[in-house]
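Now for the letters of each chain:
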Amino acid sequence: MRDKIIELAHETEADIIGFSPASRFNRDDPIFTLLPEVKTVIGLGFRVLRGSYRGPEEGTTYYQYTTMGVECLEETVMPMALMRVSNLIEKEGHIALPQRRHPLIMAEENSINPEVYDTRIYRNVTAECQMNFEDAAVKCGLGELGLHGKLLCDEFGPFLRYVFILTDAPLEGTPVYEPHLCDRCGECVKGCPGHAIAADGTVDKWQCAVYYKGACGLKNPFMLPNEFADLEDRIEIIAGDAQVFPERARELLARIGFYPDCGHSYTASICGRACDTACYCHLEKKGVLTKKFHFPFREREPWKFPVEDFIISKKDV
Amino acid sequence: LINRFGIEESHGNSTDKNTKKGSVVPRYLPRIKRCLRKMTELTSQLIKERAEKLGAAVCGIGKLELFEGESLQRHPKSILPNANCIIGFGFPIPKGLYLSMERNASFYSYTNLGVKYNDEEFAEIFLLKMGAMIEDAGYDACLQKSVPNLRIKGDKQTNPEVKDTYELVHAVPVEDGKPAPDVIIDFGKAAQACGIGSPGLSGRILSPRYGPFMRWCFIITDAPLACDEPLENSVCDRCGECIRACPGRAIGVDGLDTWQCAVYYRGAHKSNPLMSEEFLRGDPEREEIINGEKRFDAVSARVLFPKLNFLPNTHWGYAPCLCGKKCDIACYKHLMKEKSNER
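Residues numbered from 1 in each chain as written. Chains lettered and ligands numbered in written order. Predicted model: local features only at pLDDT ≥ 70, side-chain atom pairs only at ≥ 80, totals over all residues. Heavy atoms only, no water.

### A short note on the overall build of chain B
Item 1. For chain B, the helix and strand inventory stands at eleven helices and ten strands.
Item 2. Residue burial in chain B is summarised as follows: out of 343 residues, 58% are buried.
Item 3. For chain B, restricting intrachain contacts to residue pairs at least 6 apart in sequence, the fraction spanning at least 24 positions comes to 72%.
Item 4. Accessible surface for chain B amounts to roughly 14500 Å². Of this, 52% is attributable to carbon and sulfur atoms. (Helix = DSSP H or I, 4+ residues; strand = E, 2+ residues; numbered from the N terminus. Buried < 20%, exposed > 50% of the residue type's maximum accessible area, 1.4 Å probe, protein only. Contact = heavy atoms within 4.5 Å. Areas by Shrake-Rupley, 256 points an atom, 1.4 Å probe, with all protein chains shown as cover.)

As structure tokens, this is what we get:
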């Protein structure tokens, strides 16, 4: 059955397939709440096309990354693969529980998912059990965690999204990565225009959300020169130097609207996933990615507006 | 190394560096098929064969030289500066969906399947598959699905197919020599460059084989592919059938008035079978509106939109088409008659 799963997963556009025996998970892991009979967790990884990042990299188009790299994968392609592979497993006489991310539901009381509208998130929903996706991806051998907590894989670096199937079928596991990709170079830390990633790799999700949606004027071609004119620390915000704790982040998110809705409550990534592209460029330069391109992703310094563009006089307020 | 599928591994994963210590098993067994595919040479023929297999009825590859003189806001090279060509794909809309509208039997299926499903699901999945094939060969694939709800800076028109459109009025170029984002390519010009269609008088892209009954998407790539010849002659002979067919008089010899179209597309004309006596009751302009005589602009159209609530919008905000696409049907019949359309 393992081979059949791999074949069908490839057919449904999964790029990487990994298997983890349930024994790799602690007994209190959510997978045992979701399916107490679970014997194997199957991870399906889907690349985000490198070309999808080209628009924000050039600063010329933002629509196609969020629609094709996020929304279409999460809402159409990955669910389709999950359902087809799950049905195959059940046809073979086993239980299959497909698991995808639910971007608008979270157990935490005070957290956020930068990719969606803040106000549409249902928080504190502990009754809806959800897996730890990053941990499961590592255990399934899909990749290793980079400094900023993103999964990195040999082929696509950080340009990957993933889903899982829990099953009571006992299947041979995939070797877990021996970490070899992330060298803690700190490019992701430097790449974030909102300084949302600390030197130790900890990501402040609220800070990330605010800057994902474009609060950094230096990397946002849709921001007016007098943006945040009523705020005393507007230049700090625009330069990405302000620290935005949850309440402040909520205030800022309520007034940020640089780009229209991308469907399914996803908001456009105005930062262009700068942390991931910086990481990808570093890995590509090191030559460790197995998926090679004829031309490097980045051949010159990324564009950036000068902060002076946003300095306004009092009469402009 | 021979993997467990009996396939000899020749890709980078089989090197010592990427192999677990003390093991001859490469780390990435499950990806064998793709890893092998990446080494294959990408040709125009391979692309066209796969496109057909995945559901595209037409596929053409266009030279970017044909975009010379095009605005940077519409130019493929603004998206991928080292692009070599653009690949165009067309998906037919079943004629039955038009027939059911012409017979006043069903309208919603056209919007739901012919428009929404085609553009938001079918084309997206298709593009991701085609893009993966191109990137497996080591070239970038910048997918270009339709952008229904956005207008580039300076474009004051609308897209009648969606509940409303948003112009990126505040956008500025990020560097000298670049256009303000977003860059949205002109699908009509792209189809013409790829040799698979050309814009008609009504603004619709007309395929030589399928006329206006088709949806489109594109990929901009740096892959050095052999290109097709562009369409030299327009499919549209400017017969004016679309002009005469539109119940809202939205098409003129100068082309489509998108705001006028948006109002009548969603059913402001009395030929809309869902319209009752209650529609605009008491409005002094009612007769003028339902007879297709009133002229609309962005402001007046947006005022009327909430009252054109005959059927729900679909997901992604596509407005139900209640004009029955009379322009396209008239065009198709004309092309069938005059040009012995192949289909």
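### Describing the side chain of Arg161(A)
Residues and elements named next belong to chain A.
Item 1. For Arg161, the location among the structural elements is in strand E6 (residues 160-167).
Item 2. Residue Arg161 is classed as buried on the basis of its relative accessible area of 11%.
Item 3. There is a polar contact of 2.7 Å between the side chain of Arg161 and the side chain of Glu74.
Item 4. Among the polar contacts made by the side chain of Arg161, one reaches the side chain of Glu115 at a distance of 2.8 Å.
Item 5. Beyond its immediate sequence surroundings of up to four residues, Arg161 is in contact with Leu44, Gly45, Phe46, Val48, Tyr65, Gly69, Val70, Leu73, Glu74, Met78 and Glu115. (Polar contact = N/O pair within 3.5 Å; in protein donor to acceptor, adjacent residues only side chain to side chain.)

### Side note on the interface of chain A and chain B
Item 1. Counting from both sides, the interface comprises 66 residues of chain A and, opposite them, 61 residues of chain B.
Item 2. With both sides pooled, the region where chain A packs onto chain B buries about 5600 Å², and carbon together with sulfur makes up 53% of that total.
Item 3. Our count for the chain A to chain B interface comes out at eight salt bridges.
Item 4. For Asp136(B), the salt bridge is made with Lys291(A), and the minimal N-O distance between the two is 2.6 Å.
Item 5. Counting the contacts that link chain A with chain B gives 20 residue pairs in polar contact (both at pLDDT 80 or more).
Item 6. Put simply, the parts of the chain that give the side of chain A that touches chain B at least two residues each are helix H1 (2-11), strand E1 (16-21), helix H3 (54-58) and helix H4 (63-91) of chain A.
Item 7. No other element matches H4(A), which puts ten residues into the side of chain A that touches chain B. (Buried area = accessible area lost by both parts, 1.4 Å probe. Salt bridge = Lys/Arg side-chain N within 4 Å of Asp/Glu carboxyl O.)

### As for the nonpolar core
Item 1. One finds Leu44(A), Phe164(A) and Phe89(B) to be the most contacted residues of the largest nonpolar core, which totals 135 residues.
Item 2. Tallying contributions element by element places H4(A) first for this core, with 13 residues.
Item 3. For Leu44(A), the contacting residues outside a window of four places in its chain are Ala9(A), Ala14(A), Ile16(A), Ile17(A), Ala81(A), Leu82(A), Leu142(A), Arg161(A), Tyr162(A), Val163(A) and Ile165(A).
Item 4. In terms of nonpolar packing, the next biggest core, distinct from the first, is built from 45 residues, Ile93(B), Met101(B), Val115(B) and Trp259(B) among them. (Core = buried A, V, L, I, M, F, W, Y, C linked by side-chain atoms within 4.5 Å.)

### Observations regarding the pattern of salt bridges
Item 1. Within this structure, the stated rule accounts for 47 salt bridges over all chains.
Item 2. In this structure, Glu247(A) engages Arg250(A) in a salt bridge whose closest nitrogen and oxygen atoms are separated by 3.5 Å. Taken together, the residues Glu247(A) and Arg250(A), both in helix H9 (residues 246-255) and three residues apart, mark about one turn of the helix.
Item 3. The exposure class of Glu247(A) is exposed, given its relative accessible area of 52%.
Item 4. Notably, a salt bridge pairs Lys178(B) with Glu175(B), separated by 3.1 Å at the nearest N-O pair.
Item 5. Taken together, the salt bridges that share partners define one network made up of Arg50(A), Arg54(A), Glu58(A), Glu284(A), Arg300(A), Asp140(B), Glu175(B) and Lys178(B).

### Digging into the sheet that holds E1(A)
Residues and elements named next belong to chain A.
Item 1. Taken in spatial order, the four strands line up as E1-E2-E6-E3 in an open sheet, and their pairing is antiparallel. Edge positions in the sheet fall to E1 and strand E3 (96-99), since each has one partner strand and no second. Each neighbouring strand pair of the sheet contributes to a mean axis angle of 20 degrees, computed without reference to strand direction.
Item 2. Pairing between strand E2 (residues 40-47) and E6: eight bridges, direction antiparallel. Looking across to E6, one finds that Phe46 is bridged to Arg161.
Item 3. Lying over the sheet, H4 contacts E2, E3 and E6, oriented at roughly 20 degrees with respect to E6. (Pairing = 2+ DSSP bridges. Axes fitted to C-alpha atoms, helices over the stretch in contact; angles between N-to-C directions.)

### As for H9(A)
Given 3.6 residues per helical turn, the α-helix brings residues three or four places apart onto the same face.
All names here are of chain A.
Item 1. For H9, the set of buried residues is Ala249, Leu252 and Leu253. Down the axis of H9, the buried set is contained in an arc of 100 degrees. They therefore lie on one face. Across H9 from its buried face, at more than 90 degrees, point the exposed residues Glu247 and Ala254.
Item 2. Looking at the buried positions of H9, the neighbouring elements they touch are helix H7 (205-212) and helix H8 (234-239). (Arc of directions from axis to C-beta.)

### Considering the environment of Leu143(B)
Item 1. One can find Leu143(B) in strand E3 (residues 141-144).
Item 2. Residue Leu143(B) is classed as buried on the basis of its relative accessible area of 3%.
Item 3. Distance in space between the C-alpha atoms of Leu143(B) and Gly131(B) is 7.0 Å, their sequence separation being twelve residues.
Item 4. Apart from residues no more than four positions distant in its own chain, Leu143(B) is found in contact with Leu49(A), Gln64(A), Met68(A), Leu127(B), Leu128(B), Gly131(B), Phe218(B) and Ile219(B).

### Description of H4(A)
Residue and element names in this part refer to chain A.
Item 1. With 29 residues, H4 extends 39 Å from end C-alpha to end C-alpha; this agrees with the ideal 42 Å at 1.5 Å per step.
Item 2. The largest bend along H4 reaches roughly 65 degrees and is located at Leu73.
Item 3. The buried fraction of H4 is high, at 22 of 29 residues.
Item 4. A positive backbone phi angle near 95 degrees is found at Gly93, which sits one or two residues after H4. (Expected span 1.5 Å × (residues − 1). Bend = angle between axes of the 7 residues up to and from the residue.)

### Regarding the packing of helix H4 (residues 95-102) of chain B against helix H5 (residues 108-136) of chain B
Residues and elements named next belong to chain B.
Item 1. It is at 9 Å that the axes of H4 and H5 come closest, and there the two elements cross at 160 degrees. Taken as axis vectors, H4 and H5 run roughly antiparallel relative to one another. Crossing of H4 over H5 shows left-handed handedness. Judged by residue contacts, Leu97, Tyr98 and Met101 of H4 engage Ser109, Tyr110, Leu113 and Gly114 from H5. (Parallel < 35°, antiparallel > 145°, perpendicular 65-115°, else oblique. Left-handed = near helix turned anticlockwise from the far one by under 90°.)

### Comments concerning the confidence of the model for chain B
All names here are of chain B.
Item 1. Confidence in the prediction of chain B, expressed as mean pLDDT, is 88, and 87% of residues score 70 or more.
Item 2. Scored below 50 in pLDDT, residues 1-39 makes 88 contacts in the model with residues more than four places away or belonging to other chains.
Item 3. Reported for the predicted complex are a pTM of 0.90 and an ipTM of 0.91. (pLDDT = per-residue confidence, 0-100.)

### A few points about unusual backbone geometry
Item 1. Cis peptide bonds are those with omega within 30 degrees of zero, and the linkage from Pro181(B) to Asp182(B) qualifies with -5 degrees.
Item 2. Relative to the helices and strands, Asp182(B) resides in the loop between strand E5 (166-167) and helix H6 (187-193).
Item 3. Positive phi, normally seen in glycine, also occurs at His195(A), with a value near 50 degrees.
Item 4. The residue His195(A) is located in the loop between helix H6 (187-191) and H7 in this model.
Item 5. Even without being a glycine, Phe228(A) presents a positive backbone phi close to 60 degrees.
Item 6. Inspection of the secondary structure assignment puts Phe228(A) in the loop between H7 and H8.

### Some thoughts on the pairing of E2(A)
Residue and element names in this part refer to chain A.
Item 1. With eight of eight residues buried, E2 is to be regarded as a mostly interior element.
Item 2. Neither face of E2 is left uncovered, since the one carrying Thr40, Ile42, Leu44 and Phe46 and the one carrying Val41, Gly43, Gly45 and Arg47 both have all their residues buried.
Item 3. Examined bridge by bridge, E1 and E2 share six bridges and lie antiparallel to one another. Looking at the pairing, Phe19 lines up with Ile42 of E2.

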